[in-house]
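The chain contents come next:
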Amino acid sequence: EGPQEAESNDNEIQVGLPTGKTSFANSDIAVAQEKGFFKEAGLTVKTTNFRSGVSVVQGVAGGNLDVGASSFEPVANAHARGGDVKIIGSYTDLLAVAAVTPKDVTKPADLRGKNVGVQEVGAFREIMTRIVLESGGLTQRDVNYVPVDSQSYISSLLQGKIESAILQTEQALSAQTEDKNLHVLENLNKITPNYHYGTYFVSPSWLENNRKNAVKFLTAITKAHRFMYENKEETVPIVAKSTGFDEKTISAAYDVMLEQQGVFPVNDGLDDKRMRQTIEKLRKMGVLTGPEIKVSELVDKGPIGDAVRDLGPWDGDKRWR
Amino acid sequence: MTTAVSGSVDHTAQPAQASRQRRSGPRTLSPSVKWMLRLSSVAAILLAWEIYGRSINPILLSYPTAVANAAADMMADGTLPQALSESLVVLGMGSLIGVSVGLTVGLFAGRSQIVAALLELPMNALYATPSVALIPVIVLWFGFGPTAKTVVVMLFVLFPVLINTMRGVQEVDAALIEVARSFCSRERRMWRDLIFPSAVPYIVTGLRLAIGRALIGVIVAEFFTAFAGLGNLIVTNANQFRTDRMFVPIVVIALFGVLLTALLEWVERRIVRWHGDG
Amino acid sequence: MTTAVSGSVDHTAQPAQASRQRRSGPRTLSPSVKWMLRLSSVAAILLAWEIYGRSINPILLSYPTAVANAAADMMADGTLPQALSESLVVLGMGSLIGVSVGLTVGLFAGRSQIVAALLELPMNALYATPSVALIPVIVLWFGFGPTAKTVVVMLFVLFPVLINTMRGVQEVDAALIEVARSFCSRERRMWRDLIFPSAVPYIVTGLRLAIGRALIGVIVAEFFTAFAGLGNLIVTNANQFRTDRMFVPIVVIALFGVLLTALLEWVERRIVRWHGDG
Amino acid sequence: MSEAHQKLVVDGVSVRLGGNEILREVSLAVAEREFICIIGTSGGGKTTLVRAIGGLLPIETGTVLLDDTPVVDPIPRISMVFQHFGLFPWKTVRANVEYGLTVQGRTDPDGRVDRLLEIMHLAHVDKKYPHQLSGGMKQRVGIARALAVEPELLLLDEPFSAVDAITRELLQNEVLQLWERNERMSGVLITHDIDEAILMADRILVISGPPGEVSLEVPIPIERPRSAHSVRSHPAYPELRERLWSALQAGGKTALEAA
Amino acid sequence: MSEAHQKLVVDGVSVRLGGNEILREVSLAVAEREFICIIGTSGGGKTTLVRAIGGLLPIETGTVLLDDTPVVDPIPRISMVFQHFGLFPWKTVRANVEYGLTVQGRTDPDGRVDRLLEIMHLAHVDKKYPHQLSGGMKQRVGIARALAVEPELLLLDEPFSAVDAITRELLQNEVLQLWERNERMSGVLITHDIDEAILMADRILVISGPPGEVSLEVPIPIERPRSAHSVRSHPAYPELRERLWSALQAGGKTALEAA
Ligand SMILES: Nc1ncnc2c1ncn2[C@@H]1O[C@H](COP(=O)(O)OP(=O)(O)OP(=O)(O)O)[C@@H](O)[C@H]1O
Ligand SMILES: Nc1ncnc2c1ncn2[C@@H]1O[C@H](COP(=O)(O)OP(=O)(O)OP(=O)(O)O)[C@@H](O)[C@H]1O
Ligand SMILES: [Mg+2]
Ligand SMILES: [Mg+2]
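What you are looking at is a predicted structure, and each value in this text was computed from that prediction instead of being measured.

### A short note on the overall build of chain D
Next, step 1: Within chain D one finds eight helices and ten strands.
Next, step 2: Taken against the 2.2 N^0.38 rule, which gives 18 Å for 259 residues, the C-alpha radius of gyration of chain D at 18 Å falls within 12% of a compact globule.
Next, step 3: Pairs at least 24 residues apart make up 69% of the contacts formed inside chain D by residues separated by at least 6 positions.
Next, step 4: Accessible surface, chain D: about 8,700 Å² in total, of which carbon and sulfur atoms supply 53%.
Next, step 5: In chain D, the 27 positive side-chain charges and the 35 negative ones have mean positions that sit 5 Å from each other.

Written out as structure tokens, the structure reads:
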């Protein structure tokens, strides 16, 4: 493990994932692994799970990881603060999370005065919470923020200590089976369809020396995304294994994430406009500060462009991006 | 041969035998009574946990029998042994280095005012620095692998050992130092003959504090660098609402704390035979 | 009046004055030398940090001058004073309770083998239990408010004080206990006259360890139980990679650690005047 | 009762320490207002005996009775001067001397502590701490502390071992005077100085051991008040000294050569 | 040099402790193979003087010379018996006696330690730890430890204070014999017993204080070998004793009443 080995072995890539346990949204890597897409490309990919996207960004910036997976905002923030990271792709460019509440909360406006669970102020789930509140005409001042770390997020919800939580789709579904009184208040992708969610990012210096590997990696990932859409039967067990949820839950999540919303991109998944809007949104919310950042500097579309060109772009479905 | 008592004594006047029991002072409990007390407190706590744990939502808090079942499962499917072995390597290496460094630096700093003055402020500052601040730097220097985790554990272990050792050395009886000096003991010998033995109670206390810190350090390390070992088991199972399984690594850690402390006390009793029992 | 030496002495034969300097033994440094050493080590560290910090990725580590600027900003815009005052309340209450409980229980457990045997296993287990496992339960019982935070700080502070106090009490000189008993000292008095004073060095060491723990406990509590204080400042700035601002509360905490330790030592020196200086 | 005049009765007391038999069925008695001295070779069990009398040690067999009441725990009517001084390092000289009174919740209405500090020549160091004292000074603090509680039975374990000849004579006289003036105080003094024993005792016991046994008991027929000089010139002195010396010597062989 | 026969020279030594002047310009000398005794009242500065001679204390003015070399730190050629015994609680009796040899990296080729354990009547407790010993036994361990290194200058600070009359006489004889047999050893013995001083010393110094000063110096004209009996029946004895006693008394007043 570690950067030394990565340098000595040209075809090995260390990838950092932003959640303690791999989520459905990050399962594209598991699919690529299981289906041998990485091997076909001549890559050995090793994944490591981290506490948050912030840790992954630090790992990439410090040279201990080759490729990082994280939601958009830590990457944008790091870039703004001179952290020197570049986005090269997306695992899911659309939001794959949901706000889960007790059933008596029927619309976001009902959250007024309630205890709302967030993990850390300025981190992904808190930003999502604010977006939900905004959609109901509320601000964070209209509710009580309650800090809940990732381990006790769901238990706090079940226990009634908090009345709203942002969960991954599969977690949201599972929570509903655990407690019939819970329901999905809103899928975030519905509220803010033009928010850029998940990114793969690297450090520019790594990219300079490993451009071929970046292309190979993104090729395999894109293949995985496409495979997931085409083959639910094979996808569900792989995802169930990597996330630890049962196949029934995963199958339901598959329907939401892939059938209905199509959160995994099949082409480059790096829409300039979406990213610009995300940056603006973050600035407006005050979670992105510091110097101006330009999408053109934050993103390097070269490798994904090469990958998609090799594979041939997909079109014909409104989900294909 | 006992000589006569001057003046005869009424041997039956007082119930001396009966009242001999009341003798107070440092009571020494027999080992079996001690064990009874120990086990009864543990039993009481387990019982309370079982009753309370069953009464509330299982996702919040599990209860001992469920945890025991989960532990059996996790032993059978190999997840627990595997995680344990990962954590133990980190624990062992980190503690070893932390204790060695703490002891060495503590002995020096306790004996030399120069070393103490140089270390004082940085040490106090570093000790009060939350690990969140240090972990990015540790990761930068040592990567995400076992080395970084070992360093985190080491930092957790270091300070109790260092600070207690330092104080132990400073509290050495000045009269005995004078004796050692009068026999022209060189500094090195003095440590072995005098400073170390008399600092032992402090050092043991430092080690005892270090045990708990080391175990928590392993979990923190496994949380904040790359997920692995027992820390990983906690997170993964918590994410899947498997509270009973989540408590297995936690209970394992707690058991380890108890075992290691008992071991430490046993070793101390074996080594420090000269001690009066009161 | 000195009497004659039997046999005259050659007063100039040996350069006695010159060699008097070499006297070894417990050297006592003058306060000014001590301060020079202390400050020079701090200066060296700050310099190294400045140079190193400027050379590496700014999202990983800041450097002293940037942190100082950020601190000035945060003082000016009021975020730092506000966060500080929130944290101090929790710190104060939690430490107070933790130290009181640790002292009391430690004194009892050190003196009574029954109490010690009852507490031993649960205490060692609880001490080794990671706070991740405890925080959900604490929140369940105490909610998310300042009470929960205080409890977290208390738990962080408790063990070093308790374990050191307990050992200090156990190490009381058996001969002095016998003296106190022979004067029919009641147990209560014995604590005041004998057990407490002789445990002081252990207790002070425990308090010293507790200082660092308390400060970290505040941060942990503010991470996990409510968005407030210095912990919140660390998190929000860490999420935005504003490393300079993130380091401000951390440096404040570290400074607090240094100050409180110095205060503790000063208080100890004032109270323990009977101590020989070697 | 007919035995009322016996203040202290030690009857068949055996003591074990660390598995060794230290005292074997020791019996002795001290009458009201009697002052006895115990001599014996080093390691013979003298300290162990007074600790047992003071209620500080668990007794294996036998009884210790003070005024016909068993002494099982320390009682305020007995006080002790320790061979190892046993001063509290964190208390000043004055606080050490006051210790017994304070601890027994008693006051010092007659300025007893001040007087004892005077008598023991400690008044000028009353604010010093033990580590600033010479060996002899520490010993005097220990004596003053025991006297301050005005016990009915005073146990002195080699109380003058660390003081010079002059101070020793002063202190011997002071202790005797305090004893004579006090209407109820009996005394047991351990010493390794035969002359001191003859000077101070109504009766001398020789303890030989280990295990410690009473090997000789002699009353001292010399009338009080005594002085070093009057004792030495008393006709009974040479023979007394000779008897004690040989008893000591006999016991001494056992003690020093015992395996 | 003409002064070669002077083993130890203490010249105008003053010492301060805790701000107080404890010794004021003390001067004395000990010739090669001489054995001197120092007596003085309690708290007069005797212990402080031997600590200064042993290189254990910083001297304010003056010099201590051993064989014309200044003693600034402890040197192996001087060894000391401490008034407070100073045994290592975690070492057995044997290990305590061996301590000096071990620490100076020396071996025990001639079974010296065994012999000293015999002589000091400690052979049967050689595996015990100090807390299992009686007061007198501890003191004997301290003496054996100092003798084991066969020093050229032996400093004894009240070495027999905790032993009984018999053992004391035995030990006095043993120490004198060891000294007589050794060709190079000089001795300085502090005692509070005038008879002991007369028995053992070539010359007696009286220290009075504080601040400690040499107030009297008398050579002892009694030929060796001496015994308690031969000394007391020597014609010079009564006058000697009288002189020392009054010197002690004069110094004593100062010492005991000093503010
Ligand atoms: N550390 C210290 N600080 C202040 N004064 C001290 C210190 N040590 C000793 N003294 C004082 O120095 C004086 C001489 O002490 P020292 O121990 O040399 O006497 P001594 O002649 O050996 O008496 P003794 O026969 O009772 O042992 C005493 O008055 C004592 O109070
Ligand atoms: N805790 C103990 N464990 C084992 N043996 C002990 C213990 N305490 C004392 N002894 C032994 O008991 C014997 C008597 O000791 P004690 O202290 O009563 O003697 P003593 O007559 O007072 O001698 P001294 O005149 O030397 O003070 C000694 O042989 C000693 O070794
Ligand atoms: Mg004794
Ligand atoms: Mg002295």
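### Topic: the side chain of Ser79(D)
Next, step 1: One can find Ser79(D) in strand 6 (residues 78-81).
Next, step 2: Other than its neighbours up to four places away in sequence, Ser79(D) contacts Phe183(C), Ala146(D), Val149(D), Pro151(D), Leu153(D), Leu154(D) and Leu155(D).

### Some words on the sheet that holds strand 6 of chain D
All names here are of chain D.
Next, step 1: Spatial ordering of the open sheet is given by 6-7-8-3-9-10, a layout of six strands whose pairing is mixed. In the strand order of this sheet, the two ends are held by strand 6 and strand 10 (213-219), each with one partner. Shown here is a sheet whose adjacent strand axes are inclined to one another by a mean of 15°, direction ignored.
Next, step 2: Pairing analysis gives six bridges linking strand 9 (residues 203-208) to strand 10, with the strands arranged antiparallel. Residue pairing in the sheet places Val 206 in a bridge with Leu 216 of strand 10.

### Description of the environment of Pro89(E)
Next, step 1: Note that Pro89(E) resides in the loop between strand 6 (78-81) and helix 2 (93-103).
Next, step 2: Separated by 42 residues in the primary sequence, Pro89(E) and His131(E) place their C-alpha atoms 6.9 Å from one another.

### Brief notes about the interface of chain B and chain C
Much of the literature gives interface size as the accessible area that the parts lose upon coming together.
Next, step 1: Across the contact, 68 residues belong to chain B and 70 residues belong to chain C.
Next, step 2: Approximately 6,300 Å² of surface area, both sides summed, lies buried where chain B meets chain C, with 68% of it carried by carbon and sulfur atoms.
Next, step 3: The tally of links between chain B and chain C comes to four salt bridges.
Next, step 4: Between Arg38(C) and Glu120(B) there is a salt bridge; the shortest N-O distance is 2.8 Å.
Next, step 5: Inspection of the region where chain B meets chain C yields eleven residue pairs in polar contact (both at pLDDT 80 or more).
Next, step 6: When contributions to the side of chain B that touches chain C are tallied by element, the ones reaching two or more residues are helix 2 (31-55), helix 5 (113-127), helix 6 (131-142), helix 7 (146-170), helix 8 (174-182), helix 9 (187-224) and helix 11 (243-271) of chain B.
Next, step 7: With twelve residues, helix 9 of chain B is the single largest residue contributor to the side of chain B that touches chain C.

### Some remarks on the coordination of the magnesium ion (ligand 3)
All names here are of chain D.
Next, step 1: Every protein donor of the magnesium ion (ligand 3) is accounted for by Thr 47 (OG1) and Gln 83 (OE1), and the metal-donor separations fall at 1.8 to 2.2 Å. Here Thr 47, found in helix 1 (residues 46-53), pairs with Gln 83, found in the loop between strand 6 and helix 2 (93-103); they are 36 residues apart in sequence, far enough to count as distant.
Next, step 2: Overall, the relative accessible area of 26% leaves Thr 47 in the partly exposed class.
Next, step 3: Take Gln 83: its relative accessible area is 17%, and that puts it in the buried class.

Conventions used here
Residues numbered from 1 in each chain as written. Chains lettered and ligands numbered in written order. Predicted model: local features only at pLDDT ≥ 70, side-chain atom pairs only at ≥ 80, totals over all residues. Heavy atoms only, no water. Helix = DSSP H or I, 4+ residues; strand = E, 2+ residues; numbered from the N terminus. Rg over C-alpha atoms; globule rule 2.2 N^0.38 Å. Contact = heavy atoms within 4.5 Å. Areas by Shrake-Rupley, 256 points an atom, 1.4 Å probe, with all protein chains shown as cover. Lys, Arg positive; Asp, Glu negative; His and termini not counted. Charge placed at Lys NZ, Arg CZ, Asp CG, Glu CD. Pairing = 2+ DSSP bridges. Axes fitted to C-alpha atoms, helices over the stretch in contact; angles between N-to-C directions. Buried area = accessible area lost by both parts, 1.4 Å probe. Salt bridge = Lys/Arg side-chain N within 4 Å of Asp/Glu carboxyl O. Polar contact = N/O pair within 3.5 Å; in protein donor to acceptor, adjacent residues only side chain to side chain. Donors = N, O, S within 2.8 Å, 3.2 Å for Na, K, Ca; no water. Buried < 20%, exposed > 50% of the residue type's maximum accessible area, 1.4 Å probe, protein only.

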